[in-house]
Amino acid sequence: MVNFQDFAQLDIRIGKIVEITDHPAADKLYVLKVDIGEKVIQLVAGIKKYYLPDELQGKSITVITNLEPKKLRGVESQGMLLAAQGDEVVSVLTPDKDVPAGSTVR
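Draft legend 1. Spotlight on the nonpolar core. Core analysis: the largest hydrophobic core is formed by 17 residues, its most contacted members being Leu32, Val34, Leu43, Ile47, Ile61 and Leu81. Counting only elements with at least two residues in this core, the list comes to strand S1 (12-22), strand S2 (30-35), strand S3 (40-45), strand S4 (60-64) and strand S9 (90-92). For Leu43, the residues in contact, after removing those within four places along its chain, are Tyr30, Val31, Leu32, Val34, Ile61, Val63, Ser77, Gln78, Gly79, Met80 and Leu81. Membership of the second largest hydrophobic core comes to 5 residues, among which are Ala26, Leu29, Val44 and Val75.

Listed below in structure tokens is the structure:
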């Protein structure tokens with residue numbers, strides 16, 4: 001169980017996907033450049049099976065921005081996008097209204 005104090009340490013923001021490329025060493029991964037307001041960060045995400053690049057380009061997504069960077073198959077990921085997963089579907093979490101990149105999620 002996660003206590004509230006630990007949860008409150010997460011920096012969750014809205015980011016806008018500005019670039020999508022295939023991961024050079026993994027068939028199921030994309031490398032995303034995401035504008036989170038004050039800067040653009042790089043995410044590696046296992047959503048290639050569920051989204052075409054044109055479905056993601058320009059999309060606003062929910063991102064945890066203060067995770068320790070991690071290399072996934074040799075490419076650094078500087079955060080994590082949030083998505084819901086069902087039996088046969090994955091859905092990237094997006095705001096239901098237009099909010100600027102960098103907006104905080106509370």
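Draft legend 2. Representation of the sheet that holds S2 within the structure. The strand order across the open sheet built from 5 strands is S3-S2-S1-S4-S7, with neighbouring strands paired in antiparallel fashion. Whereas interior strands pair on both sides, the edge strands pair on one side only; in this sheet they are S3 and strand S7 (80-81). Here S1 pairs with S2 via 6 bridges, running antiparallel. Each residue of the ladder has a partner; that of Asp22, found in S2, is Tyr30.

Draft legend 3. Representation of a nonpolar patch on the surface. A contiguous nonpolar surface patch, about 600 Å² in accessible area, is contributed by Val2, Phe4, Phe7, Leu10, Leu67 and Met80. Assignment of secondary structure puts Leu10 in the loop between helix H1 (4-8) and S1. Here Leu10 falls in the partly exposed class, since its relative accessible area comes to 34%.

Draft legend 4. Seen up close, unusual backbone geometry. If you check the backbone angles, Arg73 has positive phi at about 55° while not being a glycine. Within the secondary structure, Arg73 sits in the loop between strand S5 (70-72) and strand S6 (75-77). Look at Arg73 and you get exposed, because its relative accessible area is 59%.

Procedures and definitions
Residues numbered from 1 in each chain as written. Predicted model: local features only at pLDDT ≥ 70, side-chain atom pairs only at ≥ 80, totals over all residues. Heavy atoms only, no water. Core = buried A, V, L, I, M, F, W, Y, C linked by side-chain atoms within 4.5 Å. Buried < 20%, exposed > 50% of the residue type's maximum accessible area, 1.4 Å probe, protein only. Helix = DSSP H or I, 4+ residues; strand = E, 2+ residues; numbered from the N terminus. Contact = heavy atoms within 4.5 Å. Pairing = 2+ DSSP bridges. Patch = residues over 30% accessible without salt bridge, like charges linked within 9 Å, V, L, I, M, F, W, Y side chains within 5 Å. Areas by Shrake-Rupley, 256 points an atom, 1.4 Å probe, with all protein chains shown as cover. Salt bridge = Lys/Arg side-chain N within 4 Å of Asp/Glu carboxyl O.

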